[in-house]
Amino acid sequence: MTELASWKVYQGGSNKPDNFDEFWDEKIKLVNNYQFEFELIEKKLPSRVAHFYHLWFKAIDGAKIHAQLIVPKNLNQKYPAIIQFHGYHCDSGDWVDKIGIVAEGNVVLALDCRGQGGLSQDNTETSGMTLKGLIVRGIDEGYGNLYYVRQFMDLMSATKILANFDFVDETNISAQGASQGGGLAIACAALSPFIKKVTATYPFLSDYRKAYELGAEESAFEELPYWFQFKDPLHQKEDWFFNQLEYIDIQNLAPRIRAEVIWILGGKDTVVPPITQIAAYNKIQSKKTLYVLPEYGHEYLPKISDWLRENQ
C-alpha cells in the first residue's frame with residue numbers, strides 16, 4: 001500500500017474520552033454566556049484603505065488577550081471577516097501584511113496566542129514544567145488545566161467578539177492559519193458556529209501518540225519526550241499522560257466541524273508529520289479538500305495560494 005493510499009484509511013491513535021464532548025460543550029456554554037469586556041485602541045499606520053486597532057479583551061480566566069483588528073476605512077456595510085492564527089511561539093505578525101485582505105473588502109482579526117511571542121497574557125498556574133512546551137503546560141493538574149484548553153477558549157471568545165461587531169457579517173466568517181495556526185483554525189471551526197470556511201496549512205496539535213511514536217525529538221512535538229525524560233523516565237504514567245492530551249487533540253474535535261475545510265500539507269514535512277495531520281483530516285465530516293505538495297516540507301508552499309484564488 002502506498003503512503004497516500006494508507007492516508008485514506010488512517011484513523012489516528014486517539015482514545016477519545018467518554019466525556020470529551022460534554023467537556024467542550026460546557027466550555028462553549030461558558031463562552032456563550034460570558035459578557036466580554038474589550039477595548040479598541042487605534043494603531044497609527046498610514047493606509048488609504050484600512051484602519052488598525054489593538055483589540056484587548058479579558059478572557060474568562062482573567063487573562064488579558066490581544067488581537068490586531070484591521071477594518072476597511074469606510075464602514076458602510078457588513079463585511080466578511082477572517083480570523084487568523086499564528087505559528088507556535090510566534091505572534092500575529094506585521095499589521096501591514098493584512099492590508100491586501102482588507103482592500104478586498106474584508107475585516108481581519110489576528111489573535112496573539114497567550115504567552116507566546118505577541119502581547120497576550122498567559123496566567124496558567126501549574127506545579128509542573130514551565131520551561132519547555134505549551135502542549136504539556138498545566139498537565140500535572142490534569143486536562144482541565146492544560147494551556148490549550150484556555151487557548152481554545154480564547155479563540156472561541158475572539159470569534160464571538162468579532163461576530164458581534166455591527167460591521168461584520170456574522171454569517172460569513174472564515175478561519176485560517178499555518179502549523180499551530182492551522183490547528184487552531186481547525187479547533188475554532190469545531191468549537192465556534194460562526195466559522196463557515198477554514199484554510200489550514202500543515203496543522204499542528206493532532207495525534208500526539210503517533211507523533212511520539214515517530215520520534216518527536218526532531219519535530220514540533222519535542223516537548224512530549226522531554227516530559228518523559230524529566231517527569232516520568234520509567235513511563236509509569238504514559239497512559240495517563242496521553243489520556244490528558246486527548247482533550248486538546250484536534251482529531252477529536254474534527255467531527256464537530258460544519259464548515260468547509262481546505263487542508264494543505266507538504267508531503268515531506270518532518271516538523272508536523274503528515275500522518276498526524278491525516279488523523280484529523282479523515283475525521284472531518286463536512287465538505288473538505290486536501291492538497292498535497294509532495295516535494296515540500298514545513299515551509300513556504302509556492303503556487304497553491306494563486307491556484308486556490310483561481311479555482312475556489
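Residues numbered from 1 in each chain as written. Predicted model: local features only at pLDDT ≥ 70, side-chain atom pairs only at ≥ 80, totals over all residues. Heavy atoms only, no water.

Moving on to the overall build of the chain. Of the regular secondary structure elements, the chain holds eleven helices and nine strands. Computed over C-alpha atoms, the radius of gyration of the chain comes to 19 Å, within 12% of the 20 Å expected from 2.2 N^0.38 for 312 residues, which places it in the range of a compact globule. With the C-alpha coordinates of the chain rotated into their principal frame, the extents come out at 60 × 45 × 30 Å. Within the chain, the fraction of its 312 residues that count as buried is 56%. Taking the intrachain contacts of the chain between residues at least 6 apart in sequence as the baseline, contacts between residues at least 24 apart amount to 71%. For the chain, the computed accessible surface area is about 14,100 Å², with 48% contributed by carbon and sulfur atoms. (Helix = DSSP H or I, 4+ residues; strand = E, 2+ residues; numbered from the N terminus. Rg over C-alpha atoms; globule rule 2.2 N^0.38 Å. Buried < 20%, exposed > 50% of the residue type's maximum accessible area, 1.4 Å probe, protein only. Contact = heavy atoms within 4.5 Å. Areas by Shrake-Rupley, 256 points an atom, 1.4 Å probe, with all protein chains shown as cover.)

Following the criterion strictly, the structure yields zero disulfides and no others. With no disulfide of its own, Cys-90 lies closest to Cys-113 among cysteine sulfurs, the gap being 9.4 Å. No disulfide involves Cys-188; its sulfur sits 11 Å from that of Cys-113, the nearest cysteine. (Disulfide = S-S within 2.5 Å.)

Before going further, it helps to examine the UniProt feature "binding site: substrate" (unreviewed entry) in the chain. When the UniProt feature table is mapped onto this chain, "binding site: substrate" (unreviewed entry) is found at Tyr-88. Taking relative accessible area as the criterion, Tyr-88 reaches 13% and is therefore assigned buried. Aside from chain neighbours lying at most four places away, what touches Tyr-88 is Gln-116, Gly-133, Leu-134, Ile-135, Tyr-148, Gln-180, Phe-204, Ala-220 and Glu-223. (UniProt positions renumbered as here; feature names shortened; annotations may be inferred.)

Moving on, we come to the pattern of salt bridges. What the rule picks out here adds up to 16 salt bridges. Across the pair Glu-246 and Arg-209 runs a salt bridge, and its minimum N-O distance is 2.9 Å. With Glu-246 in the loop between helix 8 (238-245) and helix 9 (250-253) and Arg-209 in helix 6 (residues 208-213), this residue pair connects regions lying 37 residues apart in the sequence. The pair formed by Glu-246 and Arg-209 is uniform in burial state, with each residue classed as buried. Overlapping salt bridges bring together Asp-61, Arg-114, Asp-122, Arg-137, Arg-150 and Asp-154 as one network. (Salt bridge = Lys/Arg side-chain N within 4 Å of Asp/Glu carboxyl O.)

Two elements in contact, helix 2 (residues 20-33) and helix 4 (residues 147-163), have axes whose closest approach is 10 Å; the angle formed by their N-to-C orientations is 40°. The pairing of helix 2 with helix 4 is recorded here as oblique in orientation. Crossing of helix 2 against helix 4: the hand is right-handed. Facing helix 2, whose interface residues are Phe-23, Trp-24, Lys-27, Ile-28, Leu-30, Val-31, Asn-32 and Asn-33, helix 4 presents Val-149, Phe-152, Met-153, Met-156, Ser-157 and Lys-160. Classifying every residue of the contact of helix 2 with helix 4 by side-chain character gives nine nonpolar, three polar and two charged. (Axes fitted to C-alpha atoms, helices over the stretch in contact; angles between N-to-C directions. Parallel < 35°, antiparallel > 145°, perpendicular 65-115°, else oblique. Left-handed = near helix turned anticlockwise from the far one by under 90°. Nonpolar A, V, L, I, M, F, W, Y, C, P; charged D, E, K, R; others polar.)

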